[in-house]
Amino acid sequence: MVPNTPYRASTSTPATAIRSKLLSRSAPSIPPASQLYEPLVKGVLRHRLYKIFLHSAFSCWILTTLWMVWSKEGIFGRGANSLLLPVTPSTLGFSLATFLAGALPVVVLRKSHLVAAPTPATSPSKIFSGALQKRSTAHALFTYLNSALSLLFLHVFLTGAYDNNAPLNTRLTPFVKSRKHPYYLNGQLLYILTSQMMVGAACLLRCVLLDRFAVRWGRILISQGGEKMQSFGLARVVTVSLTTLVYTLLITLAQVLAFAIARSVVLPALFQVPFLHHILRPFTAHFLKGAWTVTLLTRHWSLVSRAFYLALTTVGIWEFAESSFDAIVAEPITVAQQTADQGLTLVSGLTSADAYLRHFAYAELQSFSTDDSASASDRRTALFIDQKYNPSMWSTLARECLLVLGRDYQLLLRRGKPMSPAVSPPAAQGKPSVPLPAQATPLIQTKVYKPAPTSPLHAALDTFASDGPLAAAVSETAEAGASHIPELFRSVMLTSPQAKVDAALETVKKAEENVAAAVHQAGSKWRQNASSVLAACLPKGVARSAWKIEGWWTRERIHRVAETSLPNRYMDALAAEVLSRLACASLTEDRYGVVQRDIPRIIEALLSLLTALEGYQAELNVSYALPPPDQLEKLSSGEVANREMLAMEAARAGEVLGVVSDAIKDGMVQIVRTFGDKLAAFKFPPHIAKKLQGFVDYN
């Protein structure tokens, strides 16, 4: 029986494979820090900036209240009105104006030019010369001068509004009250104006020499369970107050000396210049009446004291604002707890391009690695076994930490000096050809068969083609002619545009180098000649003091060399502690042994850096150790003081090196105690194995 199914022809559509919706996607990479970690940290820093503003505004309110009480009722403020004066609208308004004119510009300046690492300089002269090449120095000079002058004008307005009992000659008006000479400048205003300008310049010099734009990272290593010192504790207030008082006294003495020189030497010399005295006489002729004596200072003691208190207020506002800024910007930040995957957030933070934000990531990762809670153990396990990202979180973490340690290890070996440019290796000479025993038969590269005959039209077209016989003959003739052109005429032949550009750049570069060398040579000769002339003219005591000041200005500090060799020492210490703690935790929390394969690399990196640090410390101990007491007695007092100063600087350099070496030693002790005999399963280079054996024997 034939079934009733229709007949299907053989030309029907062939069968195909079943399509699947499953796609082979590669694992995503770890999100960049700009998307995951940095927004969280910047949000916390924004709130801390408001905290800095609050502290600065409080100090401005205190200083403004003191000024207003003094102006109205004396320094001690007698009467019941003095109790209500701090909260009056006028006091609050002047306090706000003082904050806007004094504290706010300095805080914004520090925030705009904040850097994570200090300036790589080893002497005050190098620090100053390096600061002159930065844009931040010009911005700081403008900010300090503008703030100082703004506080002066605010003081003038405050004095005119509240000091009603002050005589007219003490008012800081631009011109003196004289009908005969209405354009004579007010000397008191000029003195206070120059005093404020010197205050701004002196505070800029202190900021440059202290390298205040760099963050002080010392407090970030304090354990989270320790007692945190408040930013504006009693000790900090006392320290800032004493620093402000002493520095203002020095500025006032320098201002009095500079004003005396300008009054007795500079101004009379300017009046001797032709045509210039006609311009200066209507404004400054009264300054030449009488000679500069000490009695002139005593007769205007109220002006000097007024300038001193104004300078003290100005420096105090700046110092309190900058002290608050230094303390708050270095406090640790904890933001990973706000995210779903803390390990991913912290590993993403390690890849940040901003070194300042990377410090916070390492500090929080240190707490992440040392937490003993069960939830922290689960988070570390998730970090170890991660396979969702390529590269994995542990691979990224280990790579970033080892890169940080490796870069600073190379910098330490160079003692902070920049890397020398790589020298291109000489071109390898070709092997000399061995002469053949017999003359070689040349290979025939032409056609051996007779070509087929072509038509006359086709042959004519081939002759005029770009690769035809005529073009080849012309090219050979041009090359032969160029080879016989003399060198004198060949130098003016047309060259390629790129060759012209390269030749021009090389010429300009050589000219710049020659000019820089000539300027440096001329400057050194001028300084030598000037120093020799001054040494011959000045008294011996003054010349000796000038020589000491010059030596202090140009001498390299031993501890500064160590700081230049380890500019990121706090980050290195955090990276070493993170690697060692996570390696110890991997013994029980790493289920698949992902971390164990990197333990030899971690130990080798830590011990290599430790060996370099100990070698540097040994050099310091040998070079700058104090001699025995019997040898010190044979030296002069100046040599003994110099030896003690060098030994003190070497001790400070040892403290710099100890930041990293102590962290590495603690980490290696933890690794040895955790793994014990299991370290025998790893292979190390001989010098690393010998160093590791010392830790094993110690434990």
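Look up: the structure comes first, before these words.
Residues numbered from 1 in each chain as written. Predicted model: local features only at pLDDT ≥ 70, side-chain atom pairs only at ≥ 80, totals over all residues. Heavy atoms only, no water.

A.B. asks: Help me out: how do you make sense of the overall build of the protein chain in this one?
C.D. replies: For the protein chain, the count of helices and strands is 26 helices and zero strands. Counting every position in the protein chain, which comprises 699 residues, the buried fraction comes to 36%. Excluding contacts between residues fewer than 6 apart, the proportion of contacts in the protein chain whose partners are at least 24 apart in sequence is 81%. Surface exposure of the protein chain reaches about 43,700 Å², of which carbon and sulfur atoms provide 63%. (Helix = DSSP H or I, 4+ residues; strand = E, 2+ residues; numbered from the N terminus. Buried < 20%, exposed > 50% of the residue type's maximum accessible area, 1.4 Å probe, protein only. Contact = heavy atoms within 4.5 Å. Areas by Shrake-Rupley, 256 points an atom, 1.4 Å probe, with all protein chains shown as cover.)

A.B. asks: Which parts of the structure should I look at to understand the layout of surface pockets?
C.D. replies: In this structure, the second largest pocket occupies an estimated 740 Å³ of space. Around the second largest pocket sit 28 residues that line it, and Arg216, Arg560, Glu563, Arg569 and Arg652 are the ones nearest its centre. For the lining of the second largest pocket, the secondary structure elements donating two or more residues are helix 5 (124-132), helix 7 (187-210), helix 21 (558-565), helix 22 (569-589) and helix 25 (637-675). For the lining of the second largest pocket, the class distribution of residues is 15 nonpolar, five polar and eight charged. (1 Å grid on protein atoms, 1.4 Å probe; cavity = no way out; pocket = protein on both sides within 12 Å on 5 of 7 lines; lining within 4 Å. Points joined across faces, edges and corners; volume = space filled by probe spheres on them. Nonpolar A, V, L, I, M, F, W, Y, C, P; charged D, E, K, R; others polar.)

A.B. asks: What exactly am I supposed to notice about helix 5 here?
C.D. replies: In an α-helix, one turn spans 3.6 residues; hence positions three or four apart end up facing the same way. Along helix 5, the residues classified as buried are Pro124, Ser125, Ile127 and Ala131. Projected down its long axis, helix 5 carries its buried residues within an arc of 165 degrees, all on one side. (Arc of directions from axis to C-beta.)

A.B. asks: Before we go on, may I ask you to explain the nonpolar core in this structure?
C.D. replies: Nonpolar side chains in soluble globular proteins generally cluster together in the buried interior. Residues Trp394 and Leu397 are the most contacted members of the largest nonpolar core, which totals 113 residues. Top contributing element to this core by residue count: helix 23 (residues 599-624), with 11 residues. Setting aside anything within four residues of it in sequence, one finds Trp394 in contact with Leu383, Phe384, Leu582, Val594, Val595, Asp598 and Ile602. If you look at the next biggest cluster of nonpolar residues, it comprises eight residues, including Leu152, Ile192, Val304 and Ala307. (Core = buried A, V, L, I, M, F, W, Y, C linked by side-chain atoms within 4.5 Å.)

A.B. asks: Sorry, what's going on with the packing of helix 8 (residues 234-271) against helix 11 (residues 301-328) here?
C.D. replies: Between two packed helices, the angle of one axis relative to the other and the distance separating the axes together describe the packing. Taken N-terminus to C-terminus, the directions of helix 8 and helix 11 make an angle of 140 degrees; their axes are 8 Å apart at the nearest point. By the criterion of interaxial angle, the relationship of helix 8 to helix 11 is oblique. Crossing hand, helix 8 versus helix 11: right-handed. The segment helix 8 lies against helix 11, with Arg236, Val237, Val240, Ser241, Thr244, Leu245, Thr248, Leu249, Ile251, Thr252 and Val256 engaging Val304, Phe308, Ala311, Leu312, Val315, Gly316, Glu319, Phe320, Ser323 and Ala327. Looking at the contact of helix 8 with helix 11, its residues break down into 13 nonpolar, six polar and two charged. (Axes fitted to C-alpha atoms, helices over the stretch in contact; angles between N-to-C directions. Parallel < 35°, antiparallel > 145°, perpendicular 65-115°, else oblique. Left-handed = near helix turned anticlockwise from the far one by under 90°.)

A.B. asks: Even after reading the chapter, I still don't get unusual backbone geometry, so can you show me in this structure?
C.D. replies: One can expect most non-glycine residues to show negative phi and most peptide bonds to be in trans. Of the consecutive residues Asn390 and Pro391, the connecting peptide bond is found in the cis state with omega at 0 degrees. Tracing the chain through its elements places Pro391 in the loop between helix 14 (374-384) and helix 15 (393-413). One non-glycine residue, Asp211, adopts positive backbone phi at about 55 degrees. Checked against the element boundaries, Asp211 lands in the loop between helix 7 and helix 8. By relative accessible area, which is 10% here, Asp211 ends up buried. You will see that Arg415, though not glycine, has its phi angle at about 60 degrees, which is positive. Its place among the elements puts Arg415 in the loop between helix 15 and helix 16 (456-463).

A.B. asks: In this structure, what is going on with empty space enclosed by the protein? I would like to understand it.
C.D. replies: With a probe scaled to a water molecule rolled over the atoms, the places where space remains empty come into view. Throughout the structure, instances matching the rule amount to three cavities of 30 Å³ or more. Around the largest cavity sit Leu63, Thr64, Trp67, Phe94, Thr98, Leu151, Leu154, His155, Leu158, Leu310, Thr313 and Ile317, which together line it. For the lining of the largest cavity, the elements supplying multiple residues, two or more each, are helix 2 (38-73), helix 4 (89-112), helix 6 (135-162) and helix 11. With four residues, the single largest contributor to the lining of the largest cavity is helix 6. The residue inventory of the lining of the largest cavity, partitioned by class, reads eight nonpolar, four polar and no charged.

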